[in-house]
Amino acid sequence: MSALTLTPGNVSLADLESIYRAERPVRIDRAAQAAIDLAAERVAKAARGDEAVYGVNTGFGKLASVKIAAEDTETLQRNLILSHCCGVGEALDRTATRLMMVLKLLSLGRGASGVRFVVLKLIEDCLEKGVTPVIPSQGSVGASGDLAPLAHMTAVLIGEGEAEFGGERMSGRDALQKAGLTPVVLGPKEGLGLINGTQFSTACALIALFDAWRLAEATLVTASLSTDAIMGSTAPLLPEIHDLRGHRGQIEVARVMRSVMENSEIRESHREGDTRVQDPYCIRCQPQVAGACIDLLRMAATTLEIEANAATDNPLVLIEADRIVSGGNFHAEPVAFAADQIALAIAELGAIAQRRVALMVDPTLSFDLPPFLAKDPGLNSGMMIAEVTTAALMSENKHLANPCSTDSTPTSANQEDHVSMAAHGARRLARMNANLSHILGVELLCAIEGIEHRAPLKTSPALQTVISELRRDVPKLEKDRYLAPDLEKAAELVRTRALVSAVSQTHMIELGDAHAAG
């Protein structure tokens, strides 16, 4: 696969999602090298001088007042990396680690870090050759940067730590050697430039955004199926209602649901003579709730796209001003807020979907569907406990959605006295997305069972394609059976965008671009 050329400061989320999903190698646009070289030269000059410059010829954090001799510069940077390799917990998965490495390339590529181009080239080569550092997933508080995770990444570049290569886990030095690469000796400030930054938190948050967007799309399909399963009204989808409010996501959700439900025999069968006046909120308010979630995801997308292109190192080299200045771009507060926004959206998409599942299995509310969607209820329990599972997952996501950004604790002898907690704020999102995919998978199973109970009436042609997609692998529930594989298969269809692809064969879903700012 050819490498994708990236221009630091101008990389789209669409590019980053492609890199993440396809594990594409990348290279920095060589037009950026001049600025990178100038910044590195400025740092080298400072290292030779007498003036104390943080991280160049001083200690770190609370030890910044300690002056370091020029002959100890290389030792200083090496010690920084080794001492900061304090991560614990299970390793970050390979695709997330690779995305983190790409984000670090983009940050260094802005030409404000003072890291030599040879270091960026080694990261590029690791991505191309498949040398992936083993990154423990716990240990960062999101300021001053994701120090421990990025130290584990950098350790491999200097021939230390652990890496995966060719499907095997080995020492960083062995991985580089097997790939035909040579460890780098870090120069002035380079260790600091590599570990200061928000790339771990941002990578985890971006992956969660990409997956949450897919689930948000899927929920429009499952909600449409559920609406037909309980013979719900499509009047709440009328465009005039949503235009009067004006929220972009709400307008889009209603439009998509109108489109995919068009020409449903089930819907047409009860336009007249239906004694129900209004459907429950989980049916009637899907555009308002899912639309708000989509808008929230877009807000997070805007923040994360900016952060992915940012220089988040400290200190920064200001070439035009000929200064090396300490600041705080490593503080991941924007990422923490974005992660909390994504968490809220995931939790609410699951909350309303779970209520639709509960509606379909309840014979007093489902408009004549059998209890728990079971054939011969009593002898069979049908989807009874599948609904309970969704309740458990919904509740877990509600708990996980509590904000992380409002937490802080002083670290590093009170020098770093306010931190973002962006790292675990972003990490928890993978678990939340997994929970949501299973909630939507159960909704998919229940809704299709419900629609098939309405035979000979059929749902819309678009939704019939979704039913056909599921029925390739999951047969009708004629009697109780071991259900766990069915739940997993349905969740997989939700996660992989198969539902949206099936619907798009007849109706193009145009939710707008998750990567758009407005």
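If you're wondering where the values come from, they're calculated on a predicted model, not measured in any experiment.

Engineer: Please set out the layout of surface pockets residue by residue, giving values where relevant.
Structural biologist: Where empty space is left in the structure can be found by rolling a water-sized probe over the atoms. Of the volumes computed, that of the largest pocket is approximately 520 Å³. As for the largest pocket, its lining consists of 25 residues, of which D93, I207, R427, L429 and A430 are closest to the centre. Contributing elements (two or more residues each) for the lining of the largest pocket: β3 (88-91), α4 (94-108), β5 (136-138), α9 (199-229) and α17 (422-453). The dominant element in the lining of the largest pocket, judged by the number of residues it contributes, is α17, at eight residues.

Engineer: Provide a residue-level description of the environment of G166, including the pertinent values.
Structural biologist: Assignment of secondary structure puts G166 in the loop between β6 (162-165) and β7 (168-171). C-alpha separation for the pair G166 and T202, spaced 36 residues apart in sequence, amounts to 26 Å.

Engineer: Tell me about helix α15 (residues 333-361), residues and numbers included.
Structural biologist: Look at α15: 43 Å from first C-alpha to last across 29 residues, which is about the 42 Å you get at 1.5 Å a residue. Within α15, 23 of the 29 residues are buried, which leaves the element mostly enclosed by the surrounding structure.

Engineer: Outline the nonpolar core, supporting the account with residue identities and numerical values.
Structural biologist: Counting residues in hydrophobic clusters, the biggest one holds 152 residues, and the most contacted among them are L16, V131, L206, L225, I342, M383 and L444. Among the elements that make up this core, the one with the highest residue count is α9 (19 residues). Excluding residues that lie within four positions of it along the chain, L225 makes contacts with L444, A447, I448, I451, L463, V466 and I467.

Engineer: Describe the packing of aromatic side chains, and please don't skip the residues or the numbers.
Structural biologist: Taken as a whole and judged by the stated rule, the model has two aromatic pairs. Relative to F60, the ring of Y54 lies with its centre 6.3 Å away and its plane at 85°, an arrangement referred to as edge-to-face. Judged by relative accessible area, which is 16%, F60 ranks as buried. Residue placement shows R276 over the ring face of F367; its charged tip is 3.6 Å from the ring centre.

Engineer: Break down empty space enclosed by the protein for me, citing the residues and quoting the values.
Structural biologist: All told, the structure shown has two cavities of 30 Å³ or more when counted by the stated rule. Taken as a whole, the largest cavity holds about 60 Å³ of empty space. In terms of lining residues, the largest cavity is bounded by M383, L445, E449, R471, V474, P475, L477, R481, L483 and D486. In terms of lining, the second largest cavity is formed by T227, S233, P236, L237, M257, I283 and R284. Partitioning the lining of the second largest cavity into residue classes produces four nonpolar, two polar and one charged.

Engineer: Which residues make up helix α3 (residues 73-84), and what are the values?
Structural biologist: An ideal rise of 1.5 Å per residue puts 16 Å on twelve residues; α3 measures up with 17 Å between its terminal C-alpha atoms. By the burial criterion, the buried members of α3 are T73, L76, Q77, L80 and I81. Relative to the axis of α3, the buried residues are bounded by an arc of 130° and lie together on one face.

Engineer: I'd love a proper account of the state of the cysteines, names of residues and values included.
Structural biologist: This model, assessed by the stated rule, comprises zero disulfides. Here C204 stays free of any disulfide, with the sulfur of C404 as its closest cysteine sulfur at 12 Å. We classify C204 as buried; its relative accessible area is 9%. With no disulfide of its own, C446 has C282 as its nearest cysteine by sulfur position, at a separation of 12 Å. The buried category is assigned to C446, whose relative accessible area is 0%.

The rules behind each value
Residues numbered from 1 in each chain as written. Predicted model: local features only at pLDDT ≥ 70, side-chain atom pairs only at ≥ 80, totals over all residues. Heavy atoms only, no water. 1 Å grid on protein atoms, 1.4 Å probe; cavity = no way out; pocket = protein on both sides within 12 Å on 5 of 7 lines; lining within 4 Å. Points joined across faces, edges and corners; volume = space filled by probe spheres on them. Helix = DSSP H or I, 4+ residues; strand = E, 2+ residues; numbered from the N terminus. Expected span 1.5 Å × (residues − 1). Buried < 20%, exposed > 50% of the residue type's maximum accessible area, 1.4 Å probe, protein only. Core = buried A, V, L, I, M, F, W, Y, C linked by side-chain atoms within 4.5 Å. Contact = heavy atoms within 4.5 Å. Phe/Tyr/Trp six-rings, centres within 6.5 Å; stacked < 30°, edge-to-face > 60°. Lys NZ or Arg CZ within 6 Å of the ring centre and 35° of its normal. Nonpolar A, V, L, I, M, F, W, Y, C, P; charged D, E, K, R; others polar. Arc of directions from axis to C-beta. Disulfide = S-S within 2.5 Å.

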